[in-house]
Amino acid sequence: MNPYAITADPGASRQEKPADGTADLHLHTLFSDGTFTPEELAQRGAQLGFAAMALTDHDTVEGCERMSRACQSLGIECITGTELTAEFDGHEVHLLGYFLDAHQPKLLTEIKKFQTVRQERIREMVSRLNGLGIPLRAETVFELANCHSPGRPHVARALEQEGLCVSMDQAFERYLKKGRPAWVPKYKISALDAIALIHQANGLAVMAHPGLNHCDQAIPHLASDGLDGLECFHSRHNAAQSEHYLAMARRLNLAVTGGSDCHGFSKGKPLIGGVRLSAVYLQKLKEARRS
Ligand SMILES: [Zn+2]
Ligand SMILES: [Zn+2]
């Protein structure tokens, strides 16, 4: 756990603070590769004392209505979001969209395209596995994923479930990691198109976990082309990285966000509760939306 992120509060000391008034703005459910339902996630958020939560499933907004209803019944503010995989200058970047109009036709059309590409990628990975003599069926992966945004973790889970690998780790290590025989490159839209798409749906575009993508050079370019914020606090950012991105956000006049990137009980993935964003930052994000 990143101890500093617990106090993701401007000007706060590094000691633990009460849980009230805090937000987690980066969360996944089983509408993409998380393991919680929106209701389970909201329940956990309530137990942990979160005041606001944003659902940011990969390439979809499908879970947001259920999440919103669940949060409402628990007195938690819910922000409609998504996480888009994009590309800038050959680097993969993830863009979070917040306060989206989940019914905006262009957004829904593009999301549908991303999902089709994801499904084709699964078929291609399975076909490569079959070529290696691994008897996995694409339908098994789709049944297990049971969502429109299937990804590599679902292939890994299916390999484990079918007894074709002893663990998901082994599935990645042997077949699915970049450079391994069943790895298939992921289609990515350009970061500028992703930002434009988010804006078209009345949303704010925030770069997710910049510390994981090694793309600092992209940030000033994207900031001048409409990027609204930077996810400074993330389960995988250490204190120095959080500081670094906070300084960058200040310099480039970007909003500051943070979230756990919780994927539920997926081995090695972060859980909700490790990152708490101060209400002050959420307030500033809302002000950015108004301006
Ligand atoms: Zn991401
Ligand atoms: Zn994520």
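What comes next is a walk through the structure.

## What to know about the pattern of salt bridges
No. 1: Tallied over the entire structure, the rule returns 10 salt bridges.
No. 2: Between K177 and E173 there is a salt bridge whose closest N-O contact spans 3.2 Å.
No. 3: For E173, a relative accessible area of 40% translates into the label partly exposed.
No. 4: A salt bridge links E173 to R180; its shortest N-O distance comes to 3.0 Å.
No. 5: R180 sits in the partly exposed class, given a relative accessible area of 31%.
No. 6: Members of the salt-bridge network, linked through shared partners, are K106, E110 and K113.

## Some thoughts on the side chain of T22
No. 1: Here T22 shows up in strand β1 (residues 22–27).
No. 2: Once residues within four sequence positions are removed from consideration, T22 is found in contact with G49, F50, A51, A52, R276 and L277.

## A look at the coordination of the zinc ion (ligand 1)
Each pair of donors in an ideal four-coordinate tetrahedral metal site encloses 109.5 degrees, whereas pairs in an ideal six-coordinate octahedral site enclose 90 or 180 degrees.
No. 1: Around the zinc ion (ligand 1), the protein supplies E83 (OE), H94 (ND1) and H209 (NE2) as donor atoms, at distances of 2.1 Å.
No. 2: Written as a sequence motif, the donor arrangement for the zinc ion (ligand 1) is E-x10-H-x114-H.
No. 3: Separating the zinc ion (ligand 1) and the zinc ion (ligand 2) is a distance of 3.7 Å, and E83 donates to both of them. Here H209 lies in the loop between β6 (204–207) and α9 (210–213) and E83 lies in strand β3 (residues 77–88), a separation of 126 residues in the sequence.
No. 4: Judged by its relative accessible area of 1%, E83 is buried.
No. 5: On the basis of relative accessible area, H209 is assigned to the buried category, the value being 5%.

## Here's the deal with the coordination of the zinc ion (ligand 2)
No. 1: The protein atoms that coordinate the zinc ion (ligand 2) are H26 (NE2), H28 (NE2), E83 (OE) and D261 (OD), at distances of 2.1 to 2.2 Å.
No. 2: Each of the four donor atoms around the zinc ion (ligand 2) contributes to a set of angles spanning 79 to 171°, which defines the coordination as irregular.
No. 3: All donors of the zinc ion (ligand 2) come from a single chain, and their spacing in sequence reads H-x1-H-x54-E-x177-D.
No. 4: For H26, a relative accessible area of 0% corresponds to the buried category.

## Re helix α2 (residues 38–47)
No. 1: Restricting attention to buried positions, one finds in α2 the residues P38, L41, A42 and G45. Axial view of α2: buried residues confined to an arc of 100°, hence all on one face.
No. 2: In the core, the buried residues of α2 are packed alongside β1, β2 (50–55) and α3 (64–74).
No. 3: Positioned one or two residues after α2, G49 has a phi angle of 80°, which is positive.

## Quick look at the pairing of β3
No. 1: For β3, the tally of buried residues reaches nine of 12 residues, placing the bulk of the element in the interior.
No. 2: Relative to β3, β2 runs parallel, the two being bridged by four bridges. Note on β3: the bridge partner recorded for L55 is T80.
No. 3: The sheet contact formed by β3 and strand β4 (residues 91–98) spans eight bridges and is antiparallel.

## Things to note about the environment of G81
No. 1: With respect to the helices and strands, G81 occurs in strand β3.
No. 2: C-alpha of G81 to C-alpha of D59: the two residues are 22 residues apart in sequence and 9.8 Å apart in space.
No. 3: The contacts of G81, once residues within four sequence positions are left out, are L55, T56, T60, V61, C64, G97 and L100.

## Points about unusual backbone geometry
No. 1: In this structure, H214 is a non-glycine residue whose phi angle is positive, near 50°.
No. 2: Tracing the backbone through its elements, the reader meets H214 in the loop between α9 and α10 (218–224).
No. 3: By relative accessible area, which is 61% here, H214 ends up exposed.
No. 4: A positive phi is found at D261, a non-glycine position, where the angle reads about 65°.
No. 5: Position of D261 relative to the elements: it lies in the loop between β8 (255–259) and β9 (277–278).

## Description of the packing of helix α6 (residues 152–161) against helix α7 (residues 168–176)
No. 1: At a closest axis distance of 8 Å, the pairing of α6 and α7 adopts a crossing angle of 110°. Taken together, the axes of α6 and α7 are roughly perpendicular relative to one another. α6 and α7 meet at a crossing whose hand is right-handed. On α7, the residues touching R152, P153, V155, A156, R157, L159 and E160 of α6 are M168, A171, F172, Y175 and L176.
No. 2: Of the residues in the contact of α6 with α7, the class split is nine nonpolar, no polar and three charged.

Cut-off values and rules
Residue indices begin from 1 for each chain and proceed along its sequence in written order. To read the labels, note that chains go from A and ligands from 1, taken in the order they are written. Reporting in this predicted model follows two pLDDT cut-offs: at least 70 for local features of residues, and 80 or more for side-chain atom pairs to be given and counted; totals over whole chains, interfaces and linings ignore these cut-offs and use all residues. Values shown for side chains rest on all heavy atoms present in the structure; no hydrogens or waters enter the calculation. Think of a salt bridge as a Lys or Arg side-chain nitrogen and an Asp or Glu carboxyl oxygen that are within 4 Å of each other. Burial classes: relative accessible area under 20% of the type maximum marks a residue as buried, over 50% as exposed, and values in between as partly exposed (1.4 Å probe, protein chains only). Here a helix means four or more residues in a row that DSSP labels H or I, a strand means two or more in a row labelled E, and each is numbered from the N terminus. By the convention used here, residues are in contact when the closest approach between their heavy atoms is within 4.5 Å. Coordinating donors are taken to be N, O and S atoms lying within 2.8 Å of the metal, or within 3.2 Å when the metal is Na, K or Ca; because water is excluded from the atom set, some sites may appear incomplete. Only two sets of limits are used to name each site, 85 to 135 degrees for every angle of a tetrahedral four-donor site, and over 155 degrees for opposite donors with all other angles from 65 to 115 for a square planar four-donor or octahedral six-donor site, with any other site named irregular. Relevant arc is that of directions from the helix axis to the C-beta atoms, nothing else. Note on pairing: two strands pair once DSSP finds at least 2 bridges between them. Lines are fitted to the C-alpha atoms to define the axes, a helix being fitted only along its stretch in contact, and any angle between axes, read from their N-to-C directions, falls within 0 to 180 degrees. For classification purposes, an angle smaller than 35 degrees is called roughly parallel, one larger than 145 roughly antiparallel, one from 65 to 115 roughly perpendicular, and anything else oblique. By convention the crossing between two helices is left-handed if the near helix lies anticlockwise of the far one by an angle smaller than a right angle, and right-handed if it lies clockwise. Only Asp, Glu, Lys and Arg are considered charged, only Ala, Val, Leu, Ile, Met, Phe, Trp, Tyr, Cys and Pro nonpolar, and every remaining residue, Gly among them, polar.

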